[in-house]
Amino acid sequence: MVEPIVALTAGRSGSSMIAGIFAAHGVWCGKTREGDQYNPKGYYENRAIKALIKEHTDWNFLGDVPMFPALRGKVEQIISGEGYGGGPWLVKQGAQFYRLWDEWTPKYVFIRRPLDDVMASYTRSGFLKGRYDEVQTRWIVQRNNSVMDHLEGADVQTDDVVNGDYSSLEEAFQYCGLTFNPEIAAEFIDGRFWC
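Going along each chain's sequence as written, the residues are numbered from 1 onward. A pLDDT threshold of at least 70 governs which residues receive local features in this predicted model, and a stricter bar of 80 or more applies before side-chain atom pairs are shown or counted, although totals over entire chains, interfaces and linings include all residues. The side-chain quantities take in all heavy atoms of the structure and omit both hydrogens and water.

J.: Whenever I open this one, the pairing of strand E1 (residues 5-9) confuses me. Can you help?
T.: On a regular strand, one side chain projects to one face of the sheet and the next to the other, so that they alternate. The buried label applies to any residue whose accessible area, calculated with a 1.4 Å probe on protein chains only, is under 20% of its type's maximum; exposed applies above 50%, and partly exposed to all values in between. Numbered from the N terminus, helices here are DSSP runs of H or I no shorter than four residues, and strands are runs of E no shorter than two. Summarising burial for E1: five of the five residues are buried, a large majority. In E1, alternate side chains face the same way, and those of Ile5, Ala7 and Thr9 on one face and Val6 and Leu8 on the other are all buried. In this structure, E1 lies alongside strand E2 (residues 90-94), joined through five bridges in parallel fashion. Directly across from Val6, in E2, lies its bridge partner Val91. Here E1 runs beside strand E3 (residues 107-112); their pairing, made up of five bridges, is parallel. Counted as the bridge partner of Ile5 is Lys107 from E3. We treat two strands as partners when DSSP finds at least two bridges between them.

Here it is as structure tokens:
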């Protein structure tokens, strides 16, 4: 099994769009969360892997992330059971949980968006509402950005991608050993849902 592409994000940063573009290029994501009013094309996050990690971490965005030494075997069981037949595969993950992937040598793709835009999107979507206040949510976003700042990987600037500048996305594809097709990206992106 090849090593995964792990799309790290601070949340509400365009990771669904970027993961969807990878998927449209043939990168395997498995059985993923379906779309809604915020991401009509889907979230491109594997439901079973997300449930496994949520159970292990309780989605504690403020605390330390517990180690999960058996994650690799459990993930391999999940993706094999979902029909993975080889080749590149991708998972999406909040950046603060990156250490869960230490059993692999993943290719990290960092999904970047300006902090104020991320915060505005959190407010519009209601994501984390009721669990964390605005100060805590801002800290969580900054923490995730800081994690990405200290890892080796490829940055994707989602505002640029939405506006037709695919240079950072193309570099991320090259970093992952993949060939980028701008026509596939242009067909996938729908700026009406970029908020």
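J.: I would appreciate a short explanation of the packing of helix H4 (residues 115-125) against helix H5 (residues 134-149) in the present structure.
T.: Between H4 and H5, the least distance of the axes is 11 Å, while the angle of their chain directions is 130°. Taken together, the axes of H4 and H5 lie oblique to each other. Here H4 runs over H5; the crossing is right-handed. Judged by residue contacts, Leu115, Asp116, Val118, Met119 and Tyr122 of H4 engage Glu134, Thr137, Arg138, Val141 and Gln142 from H5. Any residue outside Ala, Val, Leu, Ile, Met, Phe, Trp, Tyr, Cys, Pro, Asp, Glu, Lys and Arg is labelled polar, Gly included; the first ten of those are nonpolar and the last four are charged. Residue composition of the contact of H4 with H5, by class: five nonpolar, two polar and three charged. Angles here are taken between N-to-C directions and fall from 0 to 180 degrees, while the axes themselves are lines fitted to C-alpha atoms, restricted in helices to the stretch in contact. Here the angle decides the label: under 35 degrees means roughly parallel, over 145 means roughly antiparallel, 65 to 115 means roughly perpendicular, and every other value means oblique. Crossings are assigned a handedness: left-handed for a near helix turned anticlockwise from the far helix by less than a right angle, right-handed for a clockwise turn. Any two residues having at least one pair of non-hydrogen atoms within 4.5 Å are treated as being in contact.

Spatial relationships are all this shows, so hold off on functional conclusions.
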